[in-house]
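Single-letter residue listing:
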Amino acid sequence: MSLIPNIYMCRQCGYLYEAEKGDSAVNIPPRTAVTEFPEVWKCPECGASSDCLEEIL
Ligand SMILES: [Zn+2]
């Protein structure tokens, strides 16, 4: 069992993704790790792929 990191930041625009909350705007349920994001995920702010999300906490 792996711990889910709390917060990721988009390197391009600074968008923050909080794993505890998920992101209902893009249909990501709470406690979803970025590694589990669908291939088609894009940053809601700048359209970057999930490769641009960096774990910061
Ligand atoms: Zn972004």
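What counts, and where the lines are drawn
- Residues numbered from 1 in each chain as written.
- Predicted model: local features only at pLDDT ≥ 70, side-chain atom pairs only at ≥ 80, totals over all residues.
- Buried ≥ 20, exposed ≤ 12 C-beta atoms within 10 Å, placed from the backbone.
- Helix = DSSP H or I, 4+ residues; strand = E, 2+ residues; numbered from the N terminus.
- Pairing = 2+ DSSP bridges.
- Contact = placed C-beta atoms within 7 Å.

**Quick word on unusual backbone geometry**
You will see that N27, though not glycine, has its phi angle at about 60 degrees, which is positive. A tally of 10 C-beta atoms within 10 Å means that N27 is categorised as exposed. In this structure, R31 is a non-glycine residue whose phi angle is positive, near 65 degrees. Judged by local crowding, R31 falls into the exposed class, with 11 C-beta atoms found within 10 Å.

**Structural notes on the pairing of strand 1 (residues 7–10)**
Of the two faces of strand 1, the one holding Y8 and C10 is buried and the one holding I7 and M9 is not buried anywhere. Here strand 1 runs beside strand 2 (residues 16–18); their pairing, made up of three bridges, is antiparallel. From the neighbouring strand, Y8 faces strand 2, where its bridge partner is Y17. Taking the residues between adjacent antiparallel strands as the criterion, strand 1 and strand 2 are bridged by five residues, where G14 takes a positive phi near 85 degrees. Note that strand 1 and strand 3 (residues 53–55) share three bridges and pair antiparallel. What sits directly across from C10, in strand 3, is L53.

**Topic: the environment of L57**
Examined against the element boundaries, L57 turns out to sit in the segment after strand 3. Not counting the four nearest positions on each side in its chain, L57 is found in contact with P5, N6 and I7.

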